[in-house]
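Next come the chains, spelled out residue by residue.
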Amino acid sequence: MMVLITGGSKCGKSSMAERLLQQFDGNKYYLATMEPFGEEGKLVVDRHRQMRAGKGFQTIEQYTQIHQAEVKPGSGVLLECVGNLCANEMFSPAGQNREGDVVQRMLTDIRQLAQICQLLVLVTNQVGADGIQYTESTTAYIRNLGELNWLLAEEADLVIEMVYGIPVVWKGKI
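A brief report on the enclosed structure follows. (Residues numbered from 1 in each chain as written. Predicted model: local features only at pLDDT ≥ 70, side-chain atom pairs only at ≥ 80, totals over all residues. Heavy atoms only, no water.)

Scanning all chains against the criterion turns up one aromatic pair. Ring centres of Tyr30 and Phe57 lie 6.1 Å apart, and the angle between their planes is 80°; on these two criteria the pair is classed as edge-to-face. Taken together, the residues Tyr30 in strand E2 (residues 28–32) and Phe57 in strand E3 (residues 57–61) connect sequence positions 27 residues apart. In terms of burial, Tyr30 and Phe57 fall into one category: buried. (Phe/Tyr/Trp six-rings, centres within 6.5 Å; stacked < 30°, edge-to-face > 60°. Helix = DSSP H or I, 4+ residues; strand = E, 2+ residues; numbered from the N terminus. Buried < 20%, exposed > 50% of the residue type's maximum accessible area, 1.4 Å probe, protein only.)

On inspection of all chains with the given rule, the structure shows three salt bridges. Here Lys55 and Glu18 are joined by a salt bridge, their closest N and O atoms 2.5 Å apart. Of this pair, Lys55 sits in the loop between helix H2 (38–52) and E3 while Glu18 sits in helix H1 (residues 13–22); the two residues are 37 residues apart in sequence, bridging distant segments of the chain. Where Arg111 meets Glu155, a salt bridge forms, and the shortest distance between an N and an O atom there is 2.4 Å. Of this pair, Arg111 sits in helix H5 (residues 102–116) while Glu155 sits in helix H6 (residues 136–155), placing them 44 residues apart in sequence. (Salt bridge = Lys/Arg side-chain N within 4 Å of Asp/Glu carboxyl O.)

To continue, consider the side chain of Lys13. When you line up the elements, Lys13 lands in helix H1. No salt bridge is formed by the buried Lys13, whose closest oppositely charged neighbour, Glu80, lies at an N-O distance of 6.7 Å. Discounting chain neighbours no more than four positions away, the residues touching Lys13 are Ile5, Thr6, Gly7, Gly8, Val123, Thr124, Asn125 and Met162. (Lys, Arg positive; Asp, Glu negative; His and termini not counted. Contact = heavy atoms within 4.5 Å.)

Here helix H3 (residues 82–91) crosses H5 at 130°, and the two axes come no closer than 10 Å. With respect to H5, the element H3 is oriented oblique. The hand of the H3/H5 crossing is right-handed. Within the contact between the two elements, H3 uses Val82, Leu85, Cys86, Glu89 and Met90 and H5 uses Val102, Arg105, Met106 and Asp109. A class-by-class count of the residues in the contact of H3 with H5 yields six nonpolar, no polar and three charged. (Axes fitted to C-alpha atoms, helices over the stretch in contact; angles between N-to-C directions. Parallel < 35°, antiparallel > 145°, perpendicular 65-115°, else oblique. Left-handed = near helix turned anticlockwise from the far one by under 90°. Nonpolar A, V, L, I, M, F, W, Y, C, P; charged D, E, K, R; others polar.)

Structure representation (structure tokens):
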């Protein structure tokens, strides 16, 4: 089963994703995609690790090529977050050295991961609704993440938008 959770900043996406995984019996993995840069980035990663402590997750830091994460077949996986993964695939040296269209590459990688998992919960971000004009590279990122979110929503069994901590189900049932 694939679940896509979307929403704005600080709206409860991560909490919802963790609640869904708490009900899962079996191996649980947290695939962390945020590559920490500088002290602030390291503090964010440390805070997230502390928040997950005692919840039964095995953390794997996988910044690109998400399909290569070493998870046991039949596991529950929380991938946080698709937005960071997209940025890494577009802008990090590891991502830039890969062949092909970034959206199709990521979609293929996520599909491969989904085939291994019994439950895959993807956390992503809503971007591009603010109407601001950005640089060309940021505009490309917004376009790629928007397209990827759309394609993932088509394939997901359950799509949830978090609005002020309230889950709004757009597809499937919780």
